[in-house]
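Remarks on the overall topology
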2 protein chains.
Amino acid sequence: MDIIDRKIISLLAQDARRSLSDIGGAVELSASAVNERIRRLTTSGAIRRTTVDADPQALDLPILAFVWIALAPGADEAAFRSYAAAHPSIAECHHVTGPWSYLMKIHVGSLAGIEAFLADMKEHGFLVRSETIIALSSVVDGPFILKEGMV
Amino acid sequence: MDIIDRKIISLLAQDARRSLSDIGGAVELSASAVNERIRRLTTSGAIRRTTVDADPQALDLPILAFVWIALAPGADEAAFRSYAAAHPSIAECHHVTGPWSYLMKIHVGSLAGIEAFLADMKEHGFLVRSETIIALSSVVDGPFILKEGMV
DNA sequence: GCGGTCATGGATATAATCGACCGCAAAATC
DNA sequence: GATTTTGCGGTCGATTATATCCATGACCGC
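First, a word on scope: everything that follows refers to the structure included in this document. (Residues numbered from 1 in each chain as written. Chains lettered and ligands numbered in written order. Predicted model: local features only at pLDDT ≥ 70, side-chain atom pairs only at ≥ 80, totals over all residues. Heavy atoms only, no water.)

Comments concerning the relation of the copies chain A and chain B
- Rotating chain A by 180 degrees and translating it 0.0 Å along the rotation axis places it on chain B, where the RMSD comes to 0.1 Å. Those values place the two copies in the arrangement expected of a two-fold rotation axis. Judged by C-alpha distance, T51 of chain A is the residue of chain A that lies nearest the rotation axis, at 2.7 Å.
- Interface overlap between copies: 100% of the residues of chain A at the interface are likewise at the interface in chain B, consistent with a symmetric, same-surface contact. (Least-squares fit on C-alpha atoms with pLDDT ≥ 70 in both. Contact = heavy atoms within 4.5 Å.)

In structure tokens:
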């Protein structure tokens, strides 16, 4: 993982469809060498995957919200984790410091979608208390990766 | 934007390097048709870009934190926005509801990096008050896109 | 029936992949 | 300390796979 690898990752981050020879030109290496480096970065896990950043608006998911939750006492943490992993609306879910247990980032179609989301978690017995913060606008937007179950 | 377009986006989200004929097989369309759909999705903006999801650990940015900030009264919002957009550590920055002005997601190399980050914002005159939440672990991890200035 | 939209299939251009070979630098040996 | 060995990472050219383009044809709504 040298400076060239970083440069390659940075270039791919901007546009993963650039050709190997194009990238090679940018880092002064042959296409083959770049290919080999990308292969190594991928197998070592430094590059986790190549993906597409979609527009949530175009997919009818205009609402971005952050949900803090306190897990119900005695809740099955493992069950919660697989629930969160499989849930199509949950883009991220982090165990965090501070007064709450988890912070989740969710994409939904409407405010009703937030209500349904919270109700579903309550039904599953995970939720005792939560706080929802809605993003009004995004100065710097993270990529939106469509989850499998969301189709 | 029909169900096939969504399926294509979903397939690309999992692995943007799949071949057109491969995707064509999955959605029962020819490679050409898939190519044309992807072209349309890209020009219409439904697909914003193809990118690579990197491992922050591999890039020596093991710490993920969320920072709430209250913008200094009378601070130049436009200046703050361009500062945030250009800042290499800021993966996301959202204007949000609730008691704080902005919620930011940042990747740094160490706890000292958080301190430096906050100090820099204070120096720029944006910050009056902030609260930092550190992610201990991630149940569902968002993609990490290496920002240009981070190389 | 007509125009527009979208898919097909084959031809062509472009790009990725593979294999043989080379050079440098570090480790091992004399 | 000099020399050989070894392994990593590179280049180049050949091969294969893939994307792109184009002409044609089916389907749908008007």
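Side note on the side chain of H87 of chain A
Residues and elements named next belong to chain A.
- Structurally, H87 is set in the loop between α4 (77-86) and β3 (90-96).
- Residue classification places H87 among the buried residues on the basis of a relative accessible area of 12%.
- Excluding residues that lie within four positions of it along the chain, H87 makes contacts with F117, D120 and K147. (Helix = DSSP H or I, 4+ residues; strand = E, 2+ residues; numbered from the N terminus. Buried < 20%, exposed > 50% of the residue type's maximum accessible area, 1.4 Å probe, protein only.)

Remarks on the pattern of salt bridges
- Here the structure, examined in full by the defined rule, presents 20 salt bridges over all chains.
- With a shortest N-O distance of 2.9 Å, D5 of chain A and R37 of chain A are connected by a salt bridge. Taken together, the positions of D5 of chain A in helix α1 (residues 3-14) and R37 of chain A in helix α3 (residues 31-44) put the pair 32 residues apart, joining distant regions of the chain.
- Measuring nitrogen to oxygen at the nearest pair gives 3.0 Å for the salt bridge that ties E92 of chain B to K105 of chain A. Note that E92 of chain B is positioned in strand β3 (residues 90-96) and K105 of chain A in strand β4 (residues 102-108), a pairing that runs across two chains. (Salt bridge = Lys/Arg side-chain N within 4 Å of Asp/Glu carboxyl O.)

Focus on helix α5 (residues 111-123) of chain A
All names here are of chain A.
- Taking 1.5 Å as the rise per residue, α5 with 13 residues should run 18 Å; its terminal C-alpha atoms sit 19 Å apart, in good agreement.
- Every buried residue of α5 is listed here: I114, F117, L118 and M121. Projected onto a plane normal to the axis of α5, the buried residues spread over an arc of 90 degrees and lie on a single side. In this structure, α5 carries E115 and E123 as exposed residues pointing more than 90 degrees from its buried face.
- As for α5, its buried residues are in contact with β2 (63-71), α4, β3, β4 and β5 (127-140).
- G125 lies just past α5 and shows a positive phi near 80 degrees. (Expected span 1.5 Å × (residues − 1). Arc of directions from axis to C-beta.)

Describing the packing of helix α1 (residues 3-14) of chain B against helix α3 (residues 31-44) of chain B
Residues and elements named next belong to chain B.
- Direction vectors running N to C along α1 and α3 enclose 85 degrees, while the axes themselves pass 11 Å from each other. In terms of their interaxial angle, α1 and α3 are classed as roughly perpendicular. On the side of α1, the interface is formed by I4, D5, I8, I9 and L12, while α3 contributes V34, R37, I38 and L41.
- Tallied by class, residues from the contact of α1 with α3 come to seven nonpolar, no polar and two charged. (Axes fitted to C-alpha atoms, helices over the stretch in contact; angles between N-to-C directions. Parallel < 35°, antiparallel > 145°, perpendicular 65-115°, else oblique. Nonpolar A, V, L, I, M, F, W, Y, C, P; charged D, E, K, R; others polar.)

Description of α3 of chain A
Residue and element names in this part refer to chain A.
- Between the first and last C-alpha of α3 there are 20 Å, a value that for 14 residues agrees with the 20 Å anticipated at 1.5 Å per step.
- Contacts from the buried residues of α3 go to α1, α2 (20-27) and β1 (47-54).
- Phi turns positive, to about 95 degrees, at G45, one or two residues after α3.

Details of the interface of chain A and chain B
- In this complex, chain A contributes 63 residues to the contact, which on the side of chain B involves 63 residues.
- Across the interface of chain A and chain B, roughly 5,900 Å² is buried in total on both sides, 59% from carbon and sulfur atoms.
- Area buried by chain A at its contact with chain B is led by R48, V139 and V140 of chain A, which between them contribute 12% of it.
- At the boundary of chain A with chain B, the tally comes to eight salt bridges. (Buried area = accessible area lost by both parts, 1.4 Å probe.)

Honestly, it's all geometry; don't read function into it.
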